[in-house]
Amino acid sequence: MEKKKCIGVDIGGTSVKLGLFETDGTLIFKWEVPTRKEEGGRYILEDVAESIRHVLIEREIRTDEIAGAGMGVPGPVMPDGYVEVCVNLGWRDLNPQKVLSDLLGGIPVKSGNDANVAALGEMWQGGGMGYTDIVMVTLGTGVGGGVIIDEKIIAGKHGLAGEIGHIHVRDEETEHCNCGGVGCLEQVASATGIAREARRKMASTDTPSALRKFGNDVTAKDVLDEAKNGDALALEVVETVGRYLGLVLAQLAMTVDPQMFVIGGGVSKAGQFLIDVIDKYYRHFTPISENKAVIGLAKLGNDAGIYGAARLVLD
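Residues numbered from 1 in each chain as written. Predicted model: local features only at pLDDT ≥ 70, side-chain atom pairs only at ≥ 80, totals over all residues. Heavy atoms only, no water.

**Student:** I keep staring at the side chain of Asn-95 and nothing clicks. Help me out?
**Tutor:** By the element assignment, Asn-95 lies in the loop between strand E6 (91-94) and helix H3 (96-103). Judged by its relative accessible area of 19%, Asn-95 is buried. (Helix = DSSP H or I, 4+ residues; strand = E, 2+ residues; numbered from the N terminus. Buried < 20%, exposed > 50% of the residue type's maximum accessible area, 1.4 Å probe, protein only.)

**Student:** What exactly am I supposed to notice about helix H10 (residues 304-312) here?
**Tutor:** Burial analysis of H10 places 9 of its 9 residues in the buried class, which makes it a mostly covered element. When H10 is considered as a whole, its buried residues turn out to be Ala-304, Gly-305, Ile-306, Tyr-307, Gly-308, Ala-309, Ala-310, Arg-311 and Leu-312.

**Student:** Please clarify how the sheet that holds strand E1 (residues 5-11) should be interpreted in this entry.
**Tutor:** Two orientations exist for strands paired in a sheet by backbone hydrogen bonds: parallel and antiparallel. Strand order in the open sheet made by the 5 strands is E3-E2-E1-E4-E7, with mixed pairing throughout. Each having just a single partner strand, strand E3 (27-34) and strand E7 (109-113) make up the two edges of the open sheet. Neighbour to neighbour, the strand axes of the sheet diverge by 15 degrees on average, direction disregarded. Across 5 bridges, the pairing between strand E4 (residues 66-73) and E7 is parallel. (Pairing = 2+ DSSP bridges. Axes fitted to C-alpha atoms, helices over the stretch in contact; angles between N-to-C directions.)

**Student:** Please clarify how the sheet that holds strand E9 (residues 143-149) should be interpreted in this entry.
**Tutor:** With respect to topology, 5 strands assemble into an open sheet ordered E10-E9-E8-E11-E12, the strand pairing being mixed. Each having just a single partner strand, strand E10 (152-153) and strand E12 (294-297) make up the two edges of the open sheet. One ladder, built from 6 bridges, connects strand E8 (residues 134-139) with E9; its direction is antiparallel. In the strand pairing of E9, Leu-139 is matched with Val-143. The strands that helix H4 (residues 114-125) touches are E8, E9, E10 and strand E11 (260-264); relative to E9, the one it contacts most, it runs at about 55 degrees. Sheet contacts for helix H8 (residues 232-256): E8, E9, E11 and E12; angle to E8, the most-contacted strand, approximately 155 degrees. (Contact = heavy atoms within 4.5 Å.)

**Student:** Explain the side chain of Arg-196 here, please?
**Tutor:** With respect to the secondary-structure elements, Arg-196 resides in helix H6 (residues 191-204). Taking relative accessible area as the criterion, Arg-196 reaches 12% and is therefore assigned buried. Apart from the residues within four sequence positions on either side, Arg-196 is in contact with Arg-170, Glu-173, Glu-175 and Gln-187.

**Student:** Would you explain the nonpolar core in this entry?
**Tutor:** In globular proteins that are soluble, nonpolar side chains generally tend to be buried together. Membership of the largest hydrophobic core comes to 44 residues, with the highest contact counts inside it found for Val-137, Leu-139, Leu-185, Val-223, Leu-249 and Phe-261. Taken together, the elements giving at least two residues each to this core come down to E8, E9, helix H5 (186-189), H6, helix H7 (220-228), H8, E11 and helix H9 (272-285). The leading source of residues in this core is H8, at 12 residues. Each residue touching Phe-261, except ones within four places of it in the same chain, is listed here: Val-135, Leu-249, Leu-252, Ala-253, Tyr-282, Ala-293, Val-294, Ile-295 and Gly-296. Listed in part, the 29 residues of the second largest apolar core include Ile-7, Val-33, Val-48 and Leu-89. (Core = buried A, V, L, I, M, F, W, Y, C linked by side-chain atoms within 4.5 Å.)

**Student:** In this structure, what is going on with the packing of H6 against H8? I would like to understand it.
**Tutor:** Helix packing geometry: the angle between the two helix axes and the distance between the axes. For the pair H6 and H8, the least separation of the axes is 10 Å and the interaxial angle reads 130 degrees. It follows from the interaxial angle that H6 and H8 lie oblique. The interaxial crossing formed by H6 with H8 has right-handed handedness. Residues Ile-194, Glu-197, Ala-198, Lys-201 and Met-202 of H6 form the contact with H8, whose participating residues are Leu-233, Glu-236, Val-237, Thr-240 and Val-241. The class makeup of the residues in the contact of H6 with H8 is 6 nonpolar, 1 polar and 3 charged. (Parallel < 35°, antiparallel > 145°, perpendicular 65-115°, else oblique. Left-handed = near helix turned anticlockwise from the far one by under 90°. Nonpolar A, V, L, I, M, F, W, Y, C, P; charged D, E, K, R; others polar.)

**Student:** Looking at this model, I keep getting lost on the pattern of salt bridges. Mind explaining?
**Tutor:** It is possible for side chains bearing opposite charge to pair when their charged atoms get close. Per the stated rule, a full pass over the model turns up 21 salt bridges. The closest approach of N and O atoms between Arg-62 and Glu-65, which form a salt bridge, is 3.4 Å. Judged by relative accessible area, Arg-62 falls into the exposed class, the value being 53%. For Glu-173, the salt bridge goes to Arg-170, with nearest N and O atoms at 3.5 Å. Classification of Glu-173 as buried rests on a relative accessible area of 6%. Judged by relative accessible area, Arg-170 falls into the buried class, the value being 9%. (Salt bridge = Lys/Arg side-chain N within 4 Å of Asp/Glu carboxyl O.)

**Student:** Looking at this structure, I do not really get unusual backbone geometry. What am I missing?
**Tutor:** A positive phi angle, near 50 degrees, is found at Glu-39, a position not held by glycine. You can see Glu-39 is positioned in helix H1 (residues 38-41).

Here is the structure:
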């Protein structure tokens, strides 16, 4: 096994990221192909297989030197790899891991939901390295997550495990979330949610603020940058975001008790400043024990998916 290599495939809505790895987690080479979504996404796996074959030939690697390929898919994946529907890709009623394995001459292929797979990558070679039990929270356009216990993805019986963004946190919310729910964490703590929170704050108060120069075009980055500069209104927004995140992490700590919460996604670029706010509320909501999960930053960025996908094959 030591001499073998593995491949990680992270299928996104605009591009597919791929990586060739040693089985110890060393990334040898990474590349991308565009995601062709026309005709129900029927070309995606063919393009992936062709590009893998091309890279192996170029690097003079035989297929019997490949331990397997792993794949992160943007949607719910059943334990046998079956995907009922993948809205972003146009897939319906498909087993992509079986299809890709056939296209690659039968090499083993394993797959999982992309957020769960990214969490596995962070555990293996990223912010959660050295731990076996982590929960990853991704703060991007939405709020995603992944639960890893004993180095295994916990997807749940219906693929809902790790849907951290859709935990209800706010009773007084009136607008609906994309999921159809009301008062979801994603509505406050995603990049979109933070910007919305700032617009609401500006509209409901006359407090002078550096955020007002951005008006309705204010972004989560603006809010976090101005909060770091000490802007009172921006700080209020960050406190609100940190409070709800701290609350949800406390609830998760009491449910799965991981060793670490790994915070990733675009919003996490705010760094330790944001972690400190979340941690303050997390501690406030978990007075039961000092001995609990730590909170830290993800380290692999957009490569978490290919790392985690490669790691899927090694079980």
